[in-house]
Each structure stands twice: as C-alpha cells, then as structure tokens.
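# Chains, contacts and geometry: an overview
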Amino acid sequence: MTAEPGTRVLKTDRQSIEAAARCLGQGGLVAFPTETVYGLGADAGNGEAVARLYAAKGRPAFNPLIAHVADIAAARRIATFDAAAEALAAAFWPGPLTLVLPRRANCGVADLALAGLDSVAVRVPAHPVAHALLEVFNGPVVAPSANRSGHVSPTSAAHVLNDLRGRIDMVIDAGACAVGMESTIVACLGKNLGEPTLLRPGGLAREQIERVLGRVLAVPLVADETPLAPGMLASHYAPKAKLRLNAQTPRDGEALLAFGPAPAFAGTTFNLSPRADLIEAAANLFSHLRALDASGAKSIAVMSVPHDGLGEAINDRLARAAAPRTIERHGAR
Ligand code: TXA
Ligand code: MG
C-alpha cells in the first residue's frame, strides 16, 4: 500500500507502536485499528492536537469524542462509575462498548474534545494493537472513526488512506477490523438523569447488555435541540449512492446489497452474509458500502436484515445511509 508523502503507513511491531506513541505525544494524528473500526487518535489532553483532528476529519466541532484508555483504572481517573457502569465495564471491557459517564473535574481530556458537556465517553478497546498503543502512550487518546465527517467508518487501513491520506501523520495497518461496526454507546449518568440509556446501537448487541443489567435499556429523551449522541445526526453514515431499503428484487440499473440467499441478478452484487449471519454482516457492512460506491453504482437495492442482535445496529446504519442528506458532503474520496 502506498501513501502520499505526509502519511506514514506503519506495521504492528513494537518499534512502530513506539513511533506512533511518540507522534501522539508530539501532538500528531495517528490512525489505529480497534476491534470495531479504525480510530483517528490524538492526545486527549492536547487541545491543539484535538483541534487539528477536527480539521482533518472536517467534523462539526459540536461533536464530542470518545476517550480511549488501556484499562478500567485509567477510565476511573477520567469519569465516575455508578453501579450499572461498574457492572457493564466488568462484563464487556475490553470490548466494543462505550460508556458515557459524569466526567471528573480534572479528567485530563481537553474541553474541545468534550464539546462543553459535563459527561465524557470512555472506552477500553480489545484490539491488541490499540491496547499496546494506549499502554505505551500511557494516557487517554481521543479517537473518532478515522473517516472524513459524513463518510462511512473505515474498517481497513486502505479505507483510512482513501479519506485522510496527506491529512494525518500515520496509520497503523493491522488488516480488517473483526467487528466492523462502531461500539455500542450506553449512558450511565446517575439517578437524576435516569437509568442506563442506549445512545447508539453498535457492535455489542442490546440483548447482551440488558442481560447483565437485568433490565431493558432506556431510550434517550431529547430535551432540546442538542442531540444526546450528536454523531447520530440522521445522515451521518453516507455512501454516495442512493439506497432502497428492504428491497425484494433489484431493479434495472441498481446494484444489489444482499443478505442471505440472493435472488439471481446480473448486476453488481455484494452479499453481507450469504449464510445470513448477523455478525459476519456487521463486519462486512462498511467495506461493502465503500466497494459499491467504488463500483460507480448510483442506486443500491438493499435486502432486508433482521432486527435482532447486531441487526439493530446494521439497520440503524442502513437507515442513516438511506436518509436524505442533511450534512454538507465533502468532495470525492
Ligand atoms: O467504535 C467506536 O466507538 C469508534 C472507535 C474508533 O473507538 N469510535 C467512534 O467515534 O465511533 P465517533 O466519534 O465516530 O463516534 C462517537 C459518538 C459520537 O456520536 C459522539 O457524539 C458520541 O459518541 N459521544 C461522545 N461523547 C459523548 C457524550 N459525552 N455524550 C453523548 N454522546 C457522546
Ligand atoms: Mg464516526
């Protein structure tokens, strides 16, 4: 793989991890693999680095970032945990779960990354490369998905380079992400604000979380115009092509995004999971959407996907990808 001058592509050996950690320490931007998607990392405590990160992504500045840490001890220095948060961290960290918690006064995350909120999103990723980077860096790393704002999340280093080559310092290439879908976000903000709340369905299924909590997750109350998880703006996950959801048969001129046994079709076809496995489908979703865009498809017929397990997050992302575009699009990628 080749990158434009300015973006180094690193392997996953110890020397590379140390170089990446040094780069973060100097205020640089490093894209790194997690088990969900690739993240674009910056030193959480360095406001200028965070500002460069927003600029590289073209992200609206009101969108707060997730602080990634190596373990729960580091998370406790940033945020306070109630009983529900403790139970979820014990059950699912390291893993594809982000907790939105009350922030500590000196949490070490730059105000800009918190977007003015009293809460902070924290996550302990399970990917060994992410873990090694966080251990060597020895501090919180804020990391949104490593795509241009409004594009689908990257599940490979090639996706990252398509969106951000020349705009970031480094990318660590560890191949494809196993989960392929962003983390599930749950807010545990204490008694006054209500019970644990699902802010974003993602790579950890709701049913697993509810089993640990012994109760169903609440849905966010939107008290004013401020979205609870601002990244959930309707058209956030956007390929260039138009999507027609729950299609039974593709029409002339469409490409097909299939799930399970596909109808006979001569046009461009990608199958999320020929054996109708929701975990496999989640892992393939974003790379198939990018591949369909790259094929030049103008409209895509998408077969229906069940709503249970990871199907909730898959259907959520498909609905956003199909929504009318509300966010300014950034040039061709
Ligand atoms: O799997 C993931 O979560 C990936 C990897 C790299 O960790 N990261 C990711 O980050 O998806 P991002 O920035 O693309 O999405 C984070 C979401 C955004 O929708 C943001 O609005 C929300 O988390 N968020 C962050 N802090 C929040 C807070 N304090 N309250 C509510 N939502 C928050
Ligand atoms: Mg994102």
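A brief look at the structure comes next. Values in this document were obtained by computation on a predicted structure and should not be read as measured data.

### Considering the overall build of the protein chain
Helices and strands together make up the secondary structure of the protein chain, namely 10 helices and 14 strands. By the burial criterion, 55% of the 333 residues in the protein chain qualify as buried. Sequence separation of at least 24 residues holds for 69% of the intrachain contacts in the protein chain that already meet a minimum separation of 6.

### Considering empty space enclosed by the protein
The tally for this structure, following the rule as stated, stands at two cavities of 30 Å³ or more. Within this model, the largest cavity holds a volume of roughly 40 Å³. Taken together, Thr-184, Leu-198, Pro-201, Gly-202, Leu-204, Ala-205, Arg-206, Gly-309, Leu-310, Glu-312 and Ala-313 make up the lining of the largest cavity. Looking at side-chain class alone, the lining of the largest cavity contains six nonpolar, three polar and two charged residues. Residue contributions to the lining of the largest cavity reach at least three from each of two domains, namely domain 1 (8-213) and domain 2 (242-322).

### Remarks on the sheet that holds strand E13 (residues 269-271)
Each strand in a sheet pairs with another by means of backbone hydrogen bonds, the pair being arranged parallel or else antiparallel. With parallel pairing, the four strands of this open sheet are ordered in space as E11-E14-E12-E13. Looking at strand neighbours, the two that pair on one side only are strand E11 (242-244) and E13, the edges of this open sheet. Each strand axis lies, on average, 20° off the axis of its neighbour in the sheet, ignoring direction. Examined bridge by bridge, E11 and strand E14 (residues 299-302) share three bridges and lie parallel to one another. Its bridge partner lying in E14, Lys-242 is registered against Ser-299.

### With respect to the sheet that holds strand E6 (residues 119-123)
The strand order E1-E8-E2-E3-E7-E4-E6-E5-E9-E10 describes an open sheet built from 10 strands, whose pairing is mixed. Among the strands making up the open sheet, the edge pair consists of strand E1 (8-10) and strand E10 (197-200). Where strand E5 (residues 97-102) and E6 come together, four bridges link them in antiparallel fashion. Residue pairing across strands places Pro-102 opposite Ser-119, the latter belonging to E6.

### What to know about the packing of aromatic side chains
As enumerated under the stated definition, the model contains one aromatic pair in all. Residues Phe-81 and Trp-93 carry aromatic rings whose centres are separated by 6.0 Å and whose planes lie at 85° to one another, so their mutual orientation is edge-to-face. Here the residue Phe-81 occupies a position in the loop between helix H3 (72-76) and helix H4 (83-92), and Trp-93 occupies one in the loop between H4 and E5, the gap between them amounting to 12 residues. Take Phe-81 and Trp-93: they sit in the same class, and that class is buried. One cation-aromatic arrangement involves Arg-76 over Phe-81; the distance from NZ or CZ to the ring centre is 5.5 Å.

### Section: the packing of helix H1 (residues 14-25) against helix H6 (residues 128-137)
Angle between the axes and distance between the axes: these two values describe a pair of packed helices. Between H1 and H6, whose axes approach to 9 Å, the crossing angle comes to 55°. On the basis of the axis angle, H1 is oblique to H6. For the crossing formed where H1 meets H6, the hand is right-handed. Two secondary-structure elements touch here, H1 through Arg-14, Ile-17, Glu-18, Ala-20, Ala-21, Leu-24 and Gly-25 and H6 through Val-129, Ala-132, Leu-133, Val-136 and Phe-137. Split into classes, the residues belonging to the contact of H1 with H6 amount to nine nonpolar, one polar and two charged.

Rules used in this analysis
- Residues numbered from 1 in each chain as written.
- Chains lettered and ligands numbered in written order.
- Predicted model: local features only at pLDDT ≥ 70, side-chain atom pairs only at ≥ 80, totals over all residues.
- Heavy atoms only, no water.
- Helix = DSSP H or I, 4+ residues; strand = E, 2+ residues; numbered from the N terminus.
- Buried < 20%, exposed > 50% of the residue type's maximum accessible area, 1.4 Å probe, protein only.
- Contact = heavy atoms within 4.5 Å.
- 1 Å grid on protein atoms, 1.4 Å probe; cavity = no way out; pocket = protein on both sides within 12 Å on 5 of 7 lines; lining within 4 Å.
- Points joined across faces, edges and corners; volume = space filled by probe spheres on them.
- Nonpolar A, V, L, I, M, F, W, Y, C, P; charged D, E, K, R; others polar.
- Domains from an automatic or database assignment.
- Pairing = 2+ DSSP bridges.
- Axes fitted to C-alpha atoms, helices over the stretch in contact; angles between N-to-C directions.
- Phe/Tyr/Trp six-rings, centres within 6.5 Å; stacked < 30°, edge-to-face > 60°.
- Lys NZ or Arg CZ within 6 Å of the ring centre and 35° of its normal.
- Parallel < 35°, antiparallel > 145°, perpendicular 65-115°, else oblique.
- Left-handed = near helix turned anticlockwise from the far one by under 90°.

By themselves, these figures tell us nothing about what the structure is for.
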